[in-house]
Amino acid sequence: MIPIKTDEEIEVQRESSLLVGKTLAEVAKYIKPGVVTVTLDKIAEEFIRDNGAIPGFKGYSGFPATLCISVNEHVVHGIPGNQVLKDGDIVSVDCGVLKNGFYGDSAYTFAVGTVDPETLLLLERTKQSLFLGIEQAVNGRRVGDIGHAIQSFTEQFGYGVVRELVGHGVGKRLHEKPEVPNYGKQGSGPKLLSGMVIAIEPMINMGTRHITQSADGWTIRTSDRKPSAHFEHTLAIRNEKADILSSFEWVEAVLKQMNE
Ligand code: MG
Ligand code: MG
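Residues numbered from 1 in each chain as written. Chains lettered and ligands numbered in written order. Predicted model: local features only at pLDDT ≥ 70, side-chain atom pairs only at ≥ 80, totals over all residues. Heavy atoms only, no water.

On a plain count of helices and strands, the protein comes out with five helices and 15 strands. Whereas a compact globule of 260 residues would reach a radius of gyration of roughly 18 Å, the protein reaches 17 Å, a difference of no more than 12%. Seen through its principal axes, the protein has C-alpha atoms that stretch 45 × 45 × 40 Å. Burial statistics for the protein: of 260 residues in total, 54% are counted as buried. (Helix = DSSP H or I, 4+ residues; strand = E, 2+ residues; numbered from the N terminus. Rg over C-alpha atoms; globule rule 2.2 N^0.38 Å. Buried < 20%, exposed > 50% of the residue type's maximum accessible area, 1.4 Å probe, protein only.)

Written as structure tokens, this is what we have:
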């Protein structure tokens, strides 16, 4: 069974999801060459707790940190540590919070300093693919419509769509039904109904779609070690168009200010 949320529950979940957006913006202020990834994690944890919530990932299946921080060829699930970000890196920051019994989940991939144009395009197109997926996330469509939109858009550029990791329902639990793959056939998979809340999260690789798990048991990297990007929103299925519960608004305001 795929949970259907009441309007009241969705409002609670919006609060959790918006807090994730604000947390990512707080972290964004510090993303520059020379910062150590564990510093970003501490900033996020403090911000989440100051806002009356708890980090959603910490302790989840034994994950040790507040953020998943995945640099360059690391796709997702990177553990913050003593890695120093350097000019030209890209860094995916994935954040989840639990507040008032509901989870929010969102991710953004940032450029560190000056990043080569080809990689910047990967970021831009991965974000675009997220919104193309969201366009399909309406009452009556199917999960495969989302994956198809993401896959057909990104593969035209020769990118690899990660298959082993997928989006998901999200609510009282961080991962609920349905699974939401970033690939698929139109008209296939579970039907989307108003009130379902899902996280759509394309993980798009510059090269091969194949991935490898690192020795730490968590970090997923591309098999060819080319870069990978990841963007994620939590959203509610509605009749005309999805209601996006998380937000990149604050992140992008910070980025705009930093580039001025
Ligand atoms: Mg996430
Ligand atoms: Mg997720």
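Turning to the pairing of strand 2 (residues 67-71), a few remarks are in order. Burial runs high along strand 2: five of the five residues are buried. Both faces of strand 2 are covered, namely the face carrying Leu-67, Ile-69 and Val-71 and the face carrying Cys-68 and Ser-70. As paired strands, strand 2 and strand 4 (residues 90-99) are joined by five bridges and run antiparallel to one another. Bridge pairing in strand 4 places Ser-70 opposite Ser-92. (Pairing = 2+ DSSP bridges.)

Here we come to the packing of aromatic side chains. This model, assessed by the stated rule, comprises eight aromatic pairs. Measuring from centroid to centroid gives 4.9 Å for Tyr-108 and Phe-231, while their planes differ by 75°, and the two rings are edge-to-face. Placement of Tyr-108 in strand 5 (residues 102-111) and of Phe-231 in the loop between strand 13 (228-230) and strand 14 (233-236) is noted, with a sequence separation of 123 residues between them. A relative accessible area of 6% places Tyr-108 in the buried class. The cationic tip of Arg-125 hangs over the ring face of Phe-157; the distance from NZ or CZ to the ring centre is 3.7 Å. Taking NZ or CZ as reference, Arg-163 lies 4.6 Å from the ring centre of Tyr-183, over its face. (Phe/Tyr/Trp six-rings, centres within 6.5 Å; stacked < 30°, edge-to-face > 60°. Lys NZ or Arg CZ within 6 Å of the ring centre and 35° of its normal.)

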